[in-house]
Every structure is written in C-alpha cells, then in structure tokens.
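Observations on the three-dimensional arrangement
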Amino acid sequence: MGDSIIPVLKTIFDRDLTKLKAEVNAYSKEENLWRETKDISNSAGNLCLHLVGNLNTYIGAEFGKTGYIRERDKEFSLKNVPRSKLLSMVDETITIVQDSLDKVTQEDLQKEYPRMLMDKKPSTLRFLIHLTTHVTYHLGQVNYHRRILDV
C-alpha cells in the first residue's frame, strides 16, 4: 500500500467534513436543517449527527481510544440541535478523526477490523475506505436536502 494511504484518508475526511460544515452553514433558515417530508425522513441535522456518531465510534473510539459511547438512536431522534452546536460537533470530530488516524500504523491497516461490515470482518484499510464513502454518501444527501427543502 505504501506510506501514503493514511494522509490520503485524512485529507478525504477533512475535505468532506469541512464541506459538511459549509452545507450546514449554507441553510438560509436554521430550522430547515430539521425539515422532513413524507419522502425525505432523514433531515440534514440528523444526518450530521449520524456522521458525527459514526466517525466518533468507528475511528475515534477504536483508534483514538476516546471512550466515546454511541447513542445511535439519538442521531435520528434528536431535533432542533442549534446550528452552532452541530458545527462545533463536526469541528471536534475533524480533530478526533485526524488525531486517531495518526495512531493507525501500516500494520494496523492489514489487520482485521474488529467490527462487522456486511456480515464480514474486513481489513482495517477496507473499513476506513468504507467510512470515507459513507461520509460522502450522506454529504450528498445533505446537499440535496438543502437544495430541495431550504425554501
């Protein structure tokens, strides 16, 4: 794999989490972060909470040993968290992801990740790549949510 994959992963997470902050900031009305419709049941605010919980669990707690305890149900049930709080949570997550990935060695990347992914235990590298695409997927949803429902 070479020595360059961790810096690449750090760059992707930083880019996409920074873009998530920009999307959250781009809402003209803060309350629209939480809008849902019959067909769009995950608000941008909840997707933001979900990404924070996901990365704090699978990167921060696993590699950074942060002690983070995930409350996944709250990622989707909490409503009307202030925009400023969401932004600070994403900032904290950026720092945790960056610091935690600094602790991942080349040897760690080849090891089996201790959690399941699609009924398998993938390598840590595969799991980290999965996490980057998970962030990107939900980032696209937030962008679309804003363009459709921030009216």
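All of the points below concern the structure found in this document. (Residues numbered from 1 in each chain as written. Predicted model: local features only at pLDDT ≥ 70, side-chain atom pairs only at ≥ 80, totals over all residues. Heavy atoms only, no water.)

Another point: the side chain of His-145. Among the structural elements, His-145 can be located in helix H6 (residues 124–149). Accessibility expressed as a relative area gives 3% for His-145, which makes it buried. Among the polar contacts listed, one links the side chain of His-145 to the backbone oxygen of Arg-35, at a separation of 2.8 Å. Ignoring sequence-local partners within four residues, the contact set of His-145 consists of Tyr-27, Asn-32, Leu-33, Arg-35, Ile-40, Asn-42, Ser-43, Ala-44 and Asp-150. (Helix = DSSP H or I, 4+ residues; strand = E, 2+ residues; numbered from the N terminus. Buried < 20%, exposed > 50% of the residue type's maximum accessible area, 1.4 Å probe, protein only. Polar contact = N/O pair within 3.5 Å; in protein donor to acceptor, adjacent residues only side chain to side chain. Contact = heavy atoms within 4.5 Å.)

Further remarks concern the environment of Lys-65. When you line up the elements, Lys-65 lands in the loop between helix H2 (44–63) and helix H3 (72–77). Sequence separation between Lys-65 and Ser-100 is 35 residues; the distance between their C-alpha atoms is 8.0 Å.

This next bit is on the pattern of salt bridges. Inspection of the entire model under this criterion finds 10 salt bridges. Notably, a salt bridge pairs Asp-102 with Lys-10, separated by 2.5 Å at the nearest N-O pair. Of this pair, Asp-102 sits in the loop between helix H4 (83–101) and helix H5 (106–110) while Lys-10 sits in helix H1 (residues 5–26); the two residues are 92 residues apart in sequence, bridging distant segments of the chain. We classify Asp-102 as partly exposed; its relative accessible area is 49%. Its salt-bridge partner being Lys-19, residue Glu-23 comes within 3.4 Å of it at the nearest N-O pair. Note that Glu-23 and Lys-19 are positioned in helix H1 at a spacing of four residues, about one turn of the helix. A residue is classified by how much of its surface remains accessible, and Lys-19, at 41% relative accessible area, is partly exposed. Where salt bridges share partners, they join Lys-19, Glu-23 and Arg-146 into one cluster. (Salt bridge = Lys/Arg side-chain N within 4 Å of Asp/Glu carboxyl O.)

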